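Observations on the three-dimensional arrangement
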Amino acid sequence: MHRVIFLVLLSSCWIFSCEGYDPCCADPCQNQGVCLSKGADAYECDCTRTGYYGVNCTSPELLTWIKLTLKPAPSTLHYILTHYKWIWDLINKISYLRNSIMAYVLTSRAHLIDSPPTYNAEYGYKSWEAYSNLSYYTRTLPPLSRNCPTPDLPNPKQVVEKVLLRKQFIPDPQGTSLMFAFFAQHFTHQFFKTDFKKGPAFTKALGHGVDLSHIYGETLEKQHKLRLFKDGKLKYQIVDGEVYPPLVKDVQVEMHYPPHIPEEQKFAVGHEVFGLVPGLMMYATIWLREHNRVCDVMRQEHPDWDDERIFQTTRLILIGETIKIVIEDYVQHLSGYHFKLKFDPELLFNQRFQYQNRIASEFNTLYHWHPLMPDNFNIQDEVYGYHQFVFNNSIVTEHGIRNMVESFSKQRAGRVAGGRNLPAAVQGVAVKALEHSREMRYQSFNAYRKRFNMKPYMSFEEMTGDKELAADLKNLYGDVNAVELYTGLLIEKPRPNSVFGETMVEMGAPYSLKGLMGNAICSPEYWMPSTFGGKVGFDIVNSASLKKLVCSNIKGSCPVVSFQVPEVKYQNVEKVNLSSVHSTQNNINPTVVLRERSSEL
């Protein structure tokens, strides 16, 4: 079949004079075989360690055939993990079984990600530059060759308007809360920091993983401006008896605020755009308080330690807390599994595992989860539209962290998959995501499904599960194999009662787990009590949870803290009379601001 496609493309070049045609454009090498062109009319496939052989790497070796025969499809495995709760409750109580399954989950997912990295947007073949130049995002699939014939793609704005834009808010059937949505945004922007001055293929992040630079600053200069240099702590201010981030005017760090924002509302934190929405500043405040709280614990445990050692050890503890919360609370929720995920680096100590990570541009594109955002934001008895919500830190101090957490834990987020649920306020971001994907010459949505061991979709209706949406997609793209990665991720039919479709999970999980477990603190050299200041610090890491993080850093009783809306009556803020929407002085155009500040936020 692939030989036929190659011959068809080759014959088209006789007609259209494809100068410099690359025979690998026909994607003849399957199962991650590497294509090498040999002139304009020949190629060879390198099938080394793919488990396949033959001209196009299509014939499975015996062991590969056995694995393929026995291995369930991703949809089957997902069904098993999200059903039969009584069996999983039993397995979760048996340490040996739970550890064995968790080790398999980690290795099977992480091994889907190339390490060390192989490509970037400039080099579609292995090179030292693609490996060593950390200013690039890496690439999971090589970019399409500039000499390859490409489909006539539709106007990005039309794609957004016809199949992505929200007509009516679609709540997530999984019950995902806004607490989850803002955590996703806050957590990922320590490593998703595209350098748009250079282009969408480049990152400004100096680290390619969980380093908490969004708390401490990307550079040493910014970190020093945010530090108190006493007892390891970060600078802060007291408002109504509680700790909040310091003001920009007091610490002189770069933050992105519109000119009209009052000085007393310009908070200074590690990430320069976290003043954009109060949900980000809520998490920034919580982690600031947690850092200073852990510093007090370390100071008591080690009265002989100086400021620098307390600071550095506390940072390691918070990195550990973050990874544990992400795996056991965050990933646990989005997976929908009855199996209880576990953060235990020792499960990988006897495995072939590399403790390094590079952020892929496809991972960055995948994480555009803007459909999670509702049409309005409900905090206590107030309802805020986007005009009142963006760049309004007064919301954080007026309501307080406790009330914000409880309100966001009770408000339902939107469904991401299934199409037509993108808020109008961020449609410009979606247009840019498509434009940038084309600039970086991404391969098709179906190509990524094959790369992550899923069958490519054969029709638009199979992809969407919706006849009307399928018809609109066909009018836009013509061929199902022309659908782009970003579009496909958002219009793919959701898994039953889930926030995401199959591809989002099967692609996202390997990137996420490899990045988390590839962190230096998870290595045998680091994962020991002494790294974290002894047993007390190690216990802080190993007992971390979202609820504990919040409740350790607020006054009074612990609020509702959850990535899933409690099974009580949901308050659907979309049905609130908009005449009651809160009004503030920050009456600015959110569509323009969100587009200008970052295409990733």
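Residues numbered from 1 in each chain as written. Predicted model: local features only at pLDDT ≥ 70, side-chain atom pairs only at ≥ 80, totals over all residues. Heavy atoms only, no water.

Digging into the confidence of the model for the protein chain
Selection criterion: Confidence scores per residue from the predictor, reported as pLDDT, run from 0 to 100. Pairs of residues are marked as contacts when any of their non-hydrogen atoms sit within 4.5 Å.
This prediction gives the protein chain a mean pLDDT of 90; 91% of its residues lie at or above 70. Under a pLDDT of 50 for its full length, residues 1-19 has, in the predicted model, 24 contacts with residues more than four places off or in other chains. Under a pLDDT of 50 for its full length, residues 568-599 has, in the predicted model, 67 contacts with residues more than four places off or in other chains.

A word on the state of the cysteines
This is how the line gets drawn: Throughout, a disulfide means two cysteine sulfur atoms within 2.5 Å of one another. Helix and strand assignments follow DSSP, with helices taken as H or I runs no shorter than four residues and strands as E runs no shorter than two, numbered in order from the N terminus. Under the scheme applied here, a residue whose accessible area is under 20% of the maximum for its type counts as buried, over 50% as exposed, and between as partly exposed, the area being computed with a 1.4 Å probe on protein chains only.
With the rule as written, the count across this model stands at 5 disulfides. Across the disulfide, Cys-24 is cross-linked to Cys-35 (sulfur-sulfur distance 1.9 Å). An S-S torsion of about -85 degrees defines the bridge between Cys-24 and Cys-35 as left-handed. Placement of the pair is Cys-24 in the loop between helix H1 (2-16) and strand E1 (34-37) and Cys-35 in strand E1, with a sequence separation of 11 residues. According to the relative accessible area criterion, Cys-24 is buried, its value standing at 18%. Shown here is the disulfide that connects Cys-47 with Cys-57, its sulfur atoms set 2.0 Å apart. Disulfide Cys-47-Cys-57: torsion about the S-S bond near -90 degrees, hence left-handed. Residue Cys-47 is found in the loop between strand E2 (43-46) and strand E3 (52-53), and its partner Cys-57 is found in the loop between E3 and strand E4 (59-60); the two are separated by 10 residues along the sequence.

A look at helix H4 (residues 85-93)
Spelled out, the test is: Comment: arc refers to directions from the helix axis out to C-beta atoms.
Along H4, the residues that are buried comprise Trp-88, Ile-91 and Asn-92. With its buried residues spanning 100 degrees around the axis, H4 presents them on a single face. Turned more than 90 degrees away from the buried face of H4 sit Trp-86, Leu-90 and Lys-93, all of them exposed. Where H4 is buried, its residues touch helix H3 (74-82) and helix H5 (95-110).

Some thoughts on helix H17 (residues 427-439)
Stated precisely, the cut-off is as follows: One less than the number of residues in a helix, times 1.5 Å, gives the span that helix is expected to have.
For H17, which comprises 13 residues, the first-to-last C-alpha distance of 19 Å matches the rise-based estimate of 18 Å (1.5 Å per residue) to within 8%. Of the residues making up H17, those classed as buried are Gly-428, Val-429, Ala-430, Val-431, Ala-433, Leu-434, His-436 and Ser-437. Arg-441, located one to two residues past H17, shows a positive phi value of around 55 degrees.

Examining the packing of aromatic side chains
How we decide: Stacked, edge-to-face and tilted labels apply to pairs of Phe, Tyr and Trp rings (six-membered ring for Trp) whose centres lie within 6.5 Å, assigned for plane angles under 30 degrees, over 60, and everything in between, in that order.
Scanning all chains against the criterion turns up 38 aromatic pairs. Their ring planes at 20 degrees and their centres at 6.0 Å tell us that Phe-183 and Phe-187 sit as a pair that is stacked. Placement of the pair is Phe-183 and Phe-187 together in helix H8 (residues 178-188), with a separation of 4 residues, close to one helical turn. When its relative accessible area of 6% is taken as the criterion, Phe-187 is described as buried.

Topic: the side chain of Thr-82
To keep it simple, the criterion reads: Two N or O atoms count as a polar contact when they lie within 3.5 Å, although within protein this holds only if one can serve as hydrogen donor and the other as acceptor, and sequence-adjacent residues are included solely when both atoms are side-chain atoms.
Mapped onto the secondary structure, Thr-82 falls in helix H3. Given a relative accessible area of 19%, Thr-82 falls into the buried group. At a separation of 2.7 Å, a polar atom in the side chain of Thr-82 contacts the main-chain carbonyl oxygen of His-78. Among the polar contacts made by the side chain of Thr-82, one reaches the side chain of His-83 at a distance of 3.3 Å. Among all residues touching Thr-82, those that are not within four sequence positions of it are Ser-335, Gly-336, Tyr-337 and His-338.

A word on unusual backbone geometry
Residue Pro-116 is bonded to the preceding Ser-115 through a cis peptide linkage, with omega at 5 degrees. Mapped onto the elements of the fold, Pro-116 is located in the loop between H5 and helix H6 (128-132). The backbone of Asn-31 shows a phi angle near 55 degrees, a positive value even though the residue is not glycine. Take Asn-31: it is sitting in the loop between H1 and E1. Overall, the relative accessible area of 34% leaves Asn-31 in the partly exposed class. Within the chain, Tyr-84 stands out as a residue other than glycine whose phi angle is a positive 60 degrees. Position of Tyr-84 among the secondary structure elements: in the loop between H3 and H4. The exposure class of Tyr-84 is partly exposed, given its relative accessible area of 43%.

Let's talk about the pairing of E2
What counts is decided by this rule: Only when DSSP finds a minimum of two bridges between them are two strands counted as paired.
Where burial is concerned, the two faces of E2 differ: the one with Tyr-43 and Cys-45 is buried and the one with Glu-44 and Asp-46 is not. Across 4 bridges, the pairing between E1 and E2 is antiparallel. Bridge assignment links Cys-35 to a residue of E2, and that residue is Cys-45. Here E1 folds back onto E2 in antiparallel fashion, the turn holding 5 residues, of which Gly-39 has a positive phi close to 90 degrees.

Quick notes on the packing of H8 against helix H12 (residues 278-301)
Going by this rule: To get an axis, fit a line to the C-alpha atoms, keeping to the stretch in contact for a helix; angles then go from 0 to 180 degrees between the N-to-C directions. These descriptions rest on fixed angle ranges, namely under 35 degrees for roughly parallel, over 145 for roughly antiparallel, 65 to 115 for roughly perpendicular, and the rest for oblique. Amino acids are sorted into nonpolar (Ala, Val, Leu, Ile, Met, Phe, Trp, Tyr, Cys and Pro), charged (Asp, Glu, Lys and Arg) and polar (every other residue, Gly among them).
At a closest axis distance of 9 Å, the pairing of H8 and H12 adopts a crossing angle of 75 degrees. As summarised for this structure, H8 and H12 are arranged roughly perpendicular, according to the angle between their axes. Contact residues: Met-179, Phe-182, Phe-183, Gln-185 and His-186 in H8; Gly-279, Leu-280, Met-282, Tyr-283, Ala-284 and Trp-287 in H12. Residue composition of the contact of H8 with H12, grouped by class: 8 nonpolar, 3 polar and no charged.

A closer look at the nonpolar core
In plain terms, the rule: Definition of nonpolar core: a set of buried residues of the types Ala, Val, Leu, Ile, Met, Phe, Trp, Tyr and Cys, connected through side-chain atoms within 4.5 Å.
Core analysis: the largest hydrophobic core is formed by 159 residues, its most contacted members being Tyr-330 and Trp-369. Discounting chain neighbours no more than four positions away, the residues touching Trp-369 are Phe-180, Ala-184, Tyr-330, Leu-334, Val-416, Phe-500 and Met-504.

Focus: the pattern of salt bridges
What counts is decided by this rule: Salt bridge criterion: a side-chain nitrogen from Lys or Arg within 4 Å of a carboxyl oxygen from Asp or Glu.
Applying the stated criterion across every chain yields a total of 31 salt bridges. Of the charged contacts, one joins Asp-114 and Arg-451 as a salt bridge, the two residues approaching to 3.8 Å between their closest N and O atoms. Of the two residues, Asp-114 is situated in the loop between H5 and H6 and Arg-451 in helix H18 (residues 445-451); the sequence distance between them amounts to 337 residues. For Asp-114, a relative accessible area of 33% translates into the label partly exposed.

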